[in-house]
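# Fold and geometry: a report
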Amino acid sequence: MAEIISVLFFNTMRYDTSSPKHPSSDRFVLSKGHAAPILYAAWAEAGLFPASDLLNLRKIDSDLEGHPTPRLNFIDVGTGSLGQGLSVGCGMAYVGKYYDKASYRVYVLVGDGESAEGSIWEALNFASYYKLDNLCVIFDVNRLGQSEPTSLQHNMDVYRNRMASFGVNPIVVDGHDVGELIKAFDEASKTSGKPTAIIAKTFKGRNFPGIEDAENWHGKPLGEKGVQVIKHLESLMKNSGAHNLKPKAFTDDAPKIDISSIKLASEPDYKIGDKVATRLAYGNALIKLANNSNRIIALDGDTKNSTFSEKIKNVNPQQYIECFIAEQNLVGIAMGATCRDRVVAFASTFATFFTRAFDQIRMGAISQSNANFVGSHCGVSIGEDGPSQMGLEDLALFRSIPGSTVFYPSDAVSCERAVELAARTKGICYIRTSRPNTPVIYENNHKFEIGKANVVQESDTDKVLVIGAGVTLHEAIKAAITLKKSGINIRILDPFTIKPLDKAAIVKNAEKAGRQIVVVEDHYGEGGLGEAVCGALSMETDFRIKRLNVSEVPRSGPPDALLEKYGINSSAIVQAVLQIL
């Protein structure tokens, strides 16, 4: 990759080492993150830091990690889980072309091995569909994978034909010919209406005696051979004396924006008792955010009429991005779009479909991304569609992401506020919305905070604390009515955020309700609300906790029948309270 990187950094790309993430500078994503040493070397050569720092590679007290992460001020996203960088680049390029309308370009370097990942082709399809001519992807076709040759090896015609069939401008070059590379990047910059793929034929270990194009050298140090290799490389160098390589200057034409304090344009406007699905309230909140800022965008995977993300189009169709049924790419686009704080992005689909993009979401945390995800149709309460459509693992997924915030609003008012809070919260945010219409229980001016639970019902004689969220909170309210007829009062707590969980409120209210707790959730038991509560109380003593959750793969059926069958409806809560008493 030496020639490719040299041409990119010292002939093609426009950037400033004094401000590596300037909004107007070109973007570079090293999708094949295991090649991090050459990226670090390029930035050192550009003068960002002393070349001697390269000797700290992979040391525990160095930010020059084994794969790039934003711990470094010149890295936008973490890479290394292969197949993801091009989606991120597409998100960057989309923002540059359609929102910033600036001259910066996006370059993504992809390995031929990782091109076996389907997400690469999802991203190429997206880039072609949206005519991202400010995007240039470079395929480093060096023939060798980690353990054996790649499936296509050096069959450049197949690569060319595949790119062309996806609507991408393909340019096949000798990846070690500086002149060819310069011409290719120049052609890419002049290509209109489609992205360009530079397909570079390269040889692993080029000019390394006895190593070039040989198997079983992937990721291995050269050891004693290193001295011989360096000596040979130096003998091939021309003009090897003093040199002064400087990057090209960029045009400062990206608009200056501030997305730090976006709010709803108007307060929630519901009546107590009105039945409104939280997924619909999510769409309403998008409208209110978009009315206040053209930097609010919604992305979806062809479920916009179910998640109600399409409502943002009522404000401005340009603030919606259709990603089609390609959830891994959907997540990658959202993370690329949010780089350098150019937009606030909400990516939505059915909650269960985020599980197929778990790796992308995980990498989002490593990338210090501020992307927001909204999963609708959670749990058995969706009804007849059956288990393939039921999000029953999503809380476990998002709770496991470091630094994440997990909202689970239980009515329309709290959902609108969750969307508003997520827009201003750093890190990965997830909002879990439900399909059924549920009653509004909060006043429109109720104040919601991250990590602060709300007591929905209480008395001085409460016997048990019941904790529910979403549809199960409303089942708990029904159960309270039944139990009261038998002279039993229960206290009901709405956590609002599952992460962070309000431990203080749980302890305080449980102590006022006999230190006995019932947790009920429309989710599998592993990783959900119940485990969150048990974890929060793990160092406490003398609390009794009974958990109700979906404990097997469910069936299709009417929502009420499913809530009853899997023991999370009001009748099950009544029985659980009686048992714990």
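In this text, all values refer to a predicted model and were calculated from it rather than measured experimentally.

## Things to note about the environment of Gly-336
- Here Gly-336 shows up in helix α10 (residues 327-337).
- Taking the C-alpha atoms as reference points, Gly-336 and Gly-85, 251 residues apart in sequence, are found 8.9 Å from one another.
- When sequence neighbours within four positions are dropped, the list of residues in contact with Gly-336 reads Val-88, Gly-91 and Met-92.

## Re the sheet that holds strand β2 (residues 106-111)
- Taken in spatial order, the five strands make up an open sheet running β1-β2-β3-β5-β4, and their pairing is parallel. Because the sheet does not close on itself, it has two edges, and the strands there are β1 (27-30) and β4 (169-174). Ignoring strand direction, the axes of neighbouring strands in this sheet form an average angle of 20°.
- Taken together, the four bridges between β1 and β2 define a ladder with parallel strand orientation. Paired with Arg-27 across the strands is Val-106, a residue of β2.
- Strands in contact with helix α1 (residues 2-12) are β1, β2, β3 (135-141) and β5 (196-201); relative to β2, the strand with the most contacts, it is inclined by about 175°.
- Helix α3 (residues 85-100) rests against β1, β2 and β3 of the sheet, and its axis sits at about 170° to β2.

## Description of the UniProt feature "domain: Transketolase-like pyrimidine-binding" (unreviewed entry) in the protein
- In the numbering adopted here, UniProt assigns the feature "domain: Transketolase-like pyrimidine-binding" (unreviewed entry) to residues 276-440.
- Strand forms 18% of residues 276-440 and helix 35%; the C-alpha atoms that close the span are 7 Å apart.

## Things to note about the packing of aromatic side chains
- Following the criterion strictly, the structure yields 27 aromatic pairs and no others.
- The interplanar angle of 55° and the centroid separation of 4.7 Å between the aromatic rings of Phe-126 and Tyr-130 together place this pair among those described as tilted.
- Cluster of aromatic residues (ring-pair linked, three or more members): Phe-9, Phe-10, Tyr-15, Phe-28, Tyr-40, Trp-43, Phe-49 and Phe-74.
- Sitting above the plane of the Tyr-104 ring, Arg-27 keeps its charged end 3.6 Å from the centroid.
- Over the ring of Phe-543 we find Arg-515; its NZ or CZ atom is 4.1 Å from the centre of that ring.

## Observations regarding unusual backbone geometry
- Omega for the peptide link from Lys-499 to Pro-500 comes to 0°, which places this bond in the cis form.
- With phi around 80°, Arg-143 is a residue other than glycine that occupies positive phi space.
- Topologically, Arg-143 is positioned in the loop between β3 and α5 (156-165).
- In this structure Arg-143 comes out as buried when scored by relative accessible area, which is 13%.
- The phi torsion at Asp-302 lies on the positive side, around 65°, for a residue other than glycine.

## Here's the deal with the sheet that holds strand β10 (residues 372-376)
- As summarised here, the arrangement of the seven strands in space is β8-β7-β9-β10-β12-β11-β17, forming an open sheet in which the pairing is mixed. The outermost strands of the open sheet, each flanked by one partner alone, are β8 (320-322) and β17 (497-499). Strand-to-strand twist of the sheet, defined as the mean angle between neighbouring strand axes without regard to direction, takes the value 20°.
- Judged from the two bridges that link them, strand β11 (residues 405-407) and β17 form a sheet pairing that is antiparallel. Each bridged residue has a counterpart across the sheet, and for Phe-407 the counterpart in β17 is Thr-497.

## Side note on the nonpolar core
- Core analysis: the largest hydrophobic core is formed by 85 residues, its most contacted members being Leu-299 and Phe-373.
- Among the nonpolar cores identified, the runner-up in size contains 36 residues, and Phe-10, Met-13, Leu-181 and Ala-184 belong to it.

## Remarks on the pairing of β4
- Of the two faces of β4, only one is covered, namely that formed by Asn-169, Ile-171 and Val-173; the face formed by Pro-170, Val-172 and Asp-174 stays uncovered.
- Sheet analysis places β4 next to β5, joined by six bridges and oriented parallel. Note that in β5 the partner of Pro-170 across the bridge is Ala-197.
- For the crossover that starts at β4, traverses helix α6 (residues 178-190) and ends in the parallel β5, the hand is right-handed.

## Here we look at α6
- End to end, α6 covers 19 Å across 13 residues, agreeing with the expected 18 Å (1.5 Å per residue, within 8%).
- The backbone nitrogen of Gly-179 has a side-chain oxygen 2.9 Å away, supplied by the residue at the start of α6, namely Asp-177.

## As for helix α11 (residues 358-366)
- When α11 is considered as a whole, its buried residues turn out to be Gln-360, Ile-361, Met-363, Gly-364 and Ala-365.
- The inward-facing, buried residues of α11 contact α4 (118-129), α10, β10 and α12 (394-399).
- Backbone geometry just after α11 places Gln-368 at a positive phi near 60°.

What counts and how
Counting restarts for each chain, with residues numbered from 1 along the sequence as it is written. Only residues with pLDDT of at least 70 get local features here, since the model is predicted, and only at 80 or more are side-chain atom pairs given and counted; chain-wide, interface and lining totals rely on the full set of residues. In computing side-chain properties, one takes all heavy atoms of the structure into account and sets aside hydrogens as well as water. A run of H or I in DSSP becomes a helix once it reaches four residues, and a run of E becomes a strand once it reaches two; helices and strands are each numbered from the N terminus. Any two residues having at least one pair of non-hydrogen atoms within 4.5 Å are treated as being in contact. In short, DSSP must find at least two bridges between two strands for them to pair. Axis angles are defined between N-to-C directions and span 0 to 180 degrees, where every axis is a line fitted to C-alpha atoms and, for a helix, only to the segment in contact. UniProt positions are given in the numbering used here, feature names are shortened, and annotations may be inferred rather than shown by experiment. Think of it this way: a Phe, Tyr or Trp ring, Trp meaning its six-membered ring, pairs with another when their centres are within 6.5 Å, and the plane angle makes it stacked under 30 degrees, edge-to-face over 60, tilted otherwise. Counted as over-ring charges are cases with an Arg CZ or a Lys NZ within 6 Å of the ring centre that also lie within 35 degrees of the ring normal. A simple rule labels every residue: compare its accessible area, found with a 1.4 Å probe on the protein chains alone, to the largest value its type can have, and call it buried under 20%, exposed over 50%, or partly exposed in between. Definition of nonpolar core: a set of buried residues of the types Ala, Val, Leu, Ile, Met, Phe, Trp, Tyr and Cys, connected through side-chain atoms within 4.5 Å. When the strands point away from the viewer and the connection leading from the first strand across the helix to the second strand turns clockwise, the crossover is called right-handed. The span one expects for a helix is its residue count, reduced by one, times 1.5 Å. Whenever a nitrogen or oxygen atom comes within 3.5 Å of another N or O atom, the pair is scored as a polar contact, on the condition that within protein one atom can donate a hydrogen and the other can accept it, and that pairs from neighbouring residues in sequence are kept only if both atoms are in side chains.

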